[in-house]
Amino acid sequence: MNPRRPPAALLDTALVVFALADAWTHVGVTDPPAAACAMSGAFALVLRRRLPLTTFVLTLPSALVTDAVVAPMAALYTLSSLNRNRLLLAGCALVYAIVDFMPWPWSSLDATELSQTNNLFHLSYTLATAAAPVFLGQLVQARRELSLRLADISEAREHERLLTAQSVLAKERAQLAREMHDVVSHQVSLIAVQAGALQVGSRDAETRQAAATIRRLSVQTLQELRHMVGVLRASGSRPTELTPQPSLADLEHLVEASGIEAELETDLPEELPPTVQRAVYRTVQEALTNVRKHAPGATATVRISHRDGALRATVTNTAPTRRAFSLPSAHHGLAGLAQRAELLGGTVTSGPTAQGGYELRLRLPVERNR
């Protein structure tokens, strides 16, 4: 409903009052039958939206016995704005013109007067008066239908714009998938091959263990990368998981494969929402990666607990014992963790410790994410 347009009930009430005022002006109180016809025609306008044809018929006596024209013309306009049968509308307009032109009572009609010039002008005027509300009603109906069609066209254009955007996104995703496959996959495969060769050819046990770790992580990265390439090539045609979804059951393996000396302490219930488990896993994964990159030789402690309806995860590392190598980084890791936690109603905070290390803290509500 248009907020600028008055309510329909208010418009109908105002129209009835106007029709009663018109009847009061043109009908004398000394003619009760005519006054009754005029008043009944005015009150019949209450039904004009639900029963337009019946309303028009009920207003015809008013046009026949009185000079009040508001009620029958309003009824004829409403009928024209709601009906598409032009033959019916032409017939109703002709009936109204005849009823308005003919004198009352009909017994006073003199056939010779019909051919007089002034009566012919009167008849033409009456026909034009009857045609005016019909044309106006048809114009309003056409405008309403045009507005609906414009709304449909706008919706279709918006849908077309969305499809175009999805098509562009699909092309970009396909291009990104090719780049990831051609560049990243190739280089990670070389790393895995070189690590395997080093594992087999080295005589030092520590070197062989480090090479085995590098090869295992490279293979795991290739598997996740292939899955990501498959997701990108899907181009949004159907819902697809972005990665093999981990859970808290995978935390122990994550800590063991982190390449640093880390301790895991957990005190959790058996069942937690999958979204919460994934958030905790990714947080611990990012924290251990940062320790390995920025704090060589440091040890880490991962503590996860559940109390007061919230899950808390803390990853604390000691001060580094060796100088960190410069590695490429987009500095999006902590920002992504904060965004993930915010979506789940939680928070992520981090900062240095008094002992020279670093601590990352995650808090997530559990019940709201079930």
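Residues numbered from 1 in each chain as written. Predicted model: local features only at pLDDT ≥ 70, side-chain atom pairs only at ≥ 80, totals over all residues. Heavy atoms only, no water.

Colleague: What is the right way to read the nonpolar core from this model?
Modeller: For soluble globular proteins, nonpolar side chains are generally found buried alongside one another. Ranked by internal contacts, the top residues of the largest apolar core, which has 30 residues, are Leu-251, Val-280, Val-284, Leu-288, Ile-304 and Leu-364. At the level of elements, helix H8 (251-256), helix H9 (274-294), strand S2 (300-307), strand S3 (310-317), helix H10 (333-343) and strand S5 (358-365) are the ones that each hand at least two residues to this core. Take this core: its biggest share by element is eight residues, from H9. In this structure Leu-364 touches Val-276, Ala-279, Val-280, Gly-309, Ala-310, Leu-311, Ala-341, Leu-344 and Gly-346, once residues within four positions along its chain are discounted. Of all hydrophobic cores here, the second largest spans 23 residues; its members include Val-16, Ala-71, Ala-74 and Ala-93. (Core = buried A, V, L, I, M, F, W, Y, C linked by side-chain atoms within 4.5 Å. Buried < 20%, exposed > 50% of the residue type's maximum accessible area, 1.4 Å probe, protein only. Helix = DSSP H or I, 4+ residues; strand = E, 2+ residues; numbered from the N terminus. Contact = heavy atoms within 4.5 Å.)

Colleague: Which parts of the structure should I look at to understand the packing of helix H4 (residues 70-82) against helix H5 (residues 86-101)?
Modeller: Two numbers describe a pair of packed helices, the interaxial angle and the distance between the axes. Where H4 meets H5, the axes come as close as 10 Å, and the angle between the chain directions of the two elements is 170°. By the angle between their axes, H4 is roughly antiparallel relative to H5. Listed contacts from H5 to Pro-72, Met-73, Leu-76, Leu-79 and Ser-80 of H4 are Leu-89, Cys-92, Ala-93 and Tyr-96. Classifying every residue of the contact of H4 with H5 gives eight nonpolar, one polar and no charged. (Axes fitted to C-alpha atoms, helices over the stretch in contact; angles between N-to-C directions. Parallel < 35°, antiparallel > 145°, perpendicular 65-115°, else oblique. Nonpolar A, V, L, I, M, F, W, Y, C, P; charged D, E, K, R; others polar.)

Colleague: Help me understand the environment of Thr-54 in this model?
Modeller: Turning to its location among the elements, Thr-54 is positioned in helix H3 (residues 52-65). For the pair Thr-54 and Leu-79, spaced 25 residues apart in sequence, the C-alpha separation works out to 9.4 Å.

Colleague: It is not clear to me how the pattern of salt bridges should be interpreted in this structure. Could you clarify?
Modeller: A side chain with one charge may pair with a side chain of the opposite charge, provided their charged atoms come close. Under the defined criterion, the tally for this structure stands at four salt bridges. For Arg-161, the salt bridge is made with Glu-158, and the minimal N-O distance between the two is 2.7 Å. With Arg-161 and Glu-158 both in helix H6 (residues 117-201) and three residues apart, the pair spans about one turn of that helix. A salt bridge links Arg-361 to Glu-359, with the nearest nitrogen and oxygen atoms 2.6 Å apart. (Salt bridge = Lys/Arg side-chain N within 4 Å of Asp/Glu carboxyl O.)

Function-wise, these values are silent; they only describe arrangement.
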